[in-house]
Amino acid sequence: MSRQSRPKQQAVAGFDLVFAPSKSVSLLWALGGDEARGAVEAAHEDAIRHTLAYVENEALYTRRGRNGVRQIDVDGGLVATKFRHYDSRTGDPQLHDHVVVANKVRGADGKWSTIDSRTLHKMAVSASETYNARVIEQVCDRLGVSAVERAVGGSETVLEIDGISDDAIARASGR
């Protein structure tokens, strides 16, 4: 394919990483009272910190050389800001945070350049699973509740808070 017929690459200013617990955790947060709300938010914060540290350690690189053939370690970490939301687009209770990450990191060589997004994208599922496991573990530990697996389609399951019915979850899921 000639250079002129290839789609032009567009620069990416940043990435929106969304951290949202399972629906039963959001329902517990919304309906469980002050103690539950505080514990769920603390668990959510802990899981975000834990997952971002995982991303920084396992998925954060930049590239150097012609065509970016050399992967370079990052010195420091992500440059990011966080925005909290308490409901979904349809108005259902849905605690979630957007962590907006700048597409700039300082390489181990001291130069600032873009994130190696290929590695970041490859690690997305792993990062999501890291967050989901940590938040449910923390909620259970902090509140003395337990989790159960719930089928969400095919062989896929999600951990939900035991005692919150599938019907309650479905009613609080407007999509």
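Residues numbered from 1 in each chain as written. Predicted model: local features only at pLDDT ≥ 70, side-chain atom pairs only at ≥ 80, totals over all residues. Heavy atoms only, no water.

Is there a simple way to think about the overall build of the protein chain in this case?
When helices and strands are counted, the protein chain shows five helices and nine strands. N-terminal to C-terminal, the α/β element order of the protein chain is β-α-α-β-β-β-β-β-β-α-α-β-β-α. C-alpha extents for the protein chain along the principal axes are approximately 55 × 35 × 30 Å. Of the accessible surface of the protein chain, which amounts to about 10,800 Å², a share of 48% is contributed by carbon and sulfur atoms. (Helix = DSSP H or I, 4+ residues; strand = E, 2+ residues; numbered from the N terminus. Areas by Shrake-Rupley, 256 points an atom, 1.4 Å probe, with all protein chains shown as cover.)

Even after reading the chapter, I still don't get the packing of helix α2 (residues 33-58) against helix α4 (residues 124-143), so can you show me in this structure?
In a pair of packed helices, the angle between the axes and the distance between the axes together describe the arrangement. Orientation of α2 relative to α4, taken along the N-to-C sense of each, is 150 degrees, at an axis distance of 8 Å. For the pair α2 and α4, the crossing hand works out as right-handed. (Axes fitted to C-alpha atoms, helices over the stretch in contact; angles between N-to-C directions. Left-handed = near helix turned anticlockwise from the far one by under 90°.)

Before we go on, may I ask you to explain the layout of surface pockets in this structure?
Vacant regions in the atomic arrangement are exposed by a probe of water-molecule size rolled over the atoms. If you add up the space inside the largest pocket, you get close to 740 Å³. Breaking the lining of the largest pocket down by element, the ones donating at least two residues are β1 (14-19), α2, α3 (117-122), α4, β8 (147-153) and β9 (156-161). The element best represented in the lining of the largest pocket is α4, accounting for eight residues. Its residues assigned to classes, the lining of the largest pocket shows 20 nonpolar, six polar and five charged. (1 Å grid on protein atoms, 1.4 Å probe; cavity = no way out; pocket = protein on both sides within 12 Å on 5 of 7 lines; lining within 4 Å. Points joined across faces, edges and corners; volume = space filled by probe spheres on them. Nonpolar A, V, L, I, M, F, W, Y, C, P; charged D, E, K, R; others polar.)

Looking at this structure, I do not really get the sheet that holds β1. What am I missing?
Strands pair in a sheet through their backbones, by hydrogen bonds, and they do so in one of two ways: parallel or antiparallel. Spatially, the three strands line up as an open sheet ordered β1-β5-β4, and their pairing is antiparallel. One side of each edge strand has no neighbouring strand; the edge strands of this open sheet are β1 and β4 (80-87). If you compare each strand with its neighbour and ignore which way they point, the axes differ by 20 degrees on average. Sheet topology note: the β1/strand β5 (residues 93-102) ladder contains six bridges and is antiparallel. Note on β5: the bridge partner recorded for aspartate 16 is valine 100. Here α2 sits on the sheet in contact with β1, β4 and β5, set at roughly 30 degrees to β5. (Pairing = 2+ DSSP bridges. Contact = heavy atoms within 4.5 Å.)

Can you help me understand the environment of alanine 42 in this one?
When you line up the elements, alanine 42 lands in helix α2. Alanine 42 sits in the partly exposed class, given a relative accessible area of 26%. In this structure, the C-alpha to C-alpha distance between alanine 42 and glutamine 138, residues 96 residues apart in sequence, is 8.4 Å. (Buried < 20%, exposed > 50% of the residue type's maximum accessible area, 1.4 Å probe, protein only.)

Mind showing me how you'd approach the nonpolar core here?
Most often, soluble globular proteins have nonpolar side chains that are buried together. Within the largest apolar cluster, 29 residues are counted, with the highest numbers of intra-cluster contacts made by Val40, Leu78, Ile115 and Val139. Those elements that place two or more of their residues in this core are β1, α1 (23-31), α2, β5 and α4. Ranked by residue count, the leading element in this core is α2, at seven residues. If we ignore the near neighbours within four places in the chain, the residues touching valine 139 are Val25, Leu28, Val40, Ala43, Gly144, Val145 and Ile161. (Core = buried A, V, L, I, M, F, W, Y, C linked by side-chain atoms within 4.5 Å.)

Looking at this structure, I do not really get the side chain of serine 22. What am I missing?
Looking at the element boundaries, serine 22 is found in the loop between β1 and α1. Taking the relative accessible area as the measure of exposure, serine 22 reaches 13% and is therefore buried. A polar contact is formed between the side chain of serine 22 and the backbone oxygen of leucine 159, at a distance of 3.2 Å. Setting aside chain neighbours within four positions, we find serine 22 in contact with Ile136, Val158, Leu159 and Glu160. (Polar contact = N/O pair within 3.5 Å; in protein donor to acceptor, adjacent residues only side chain to side chain.)

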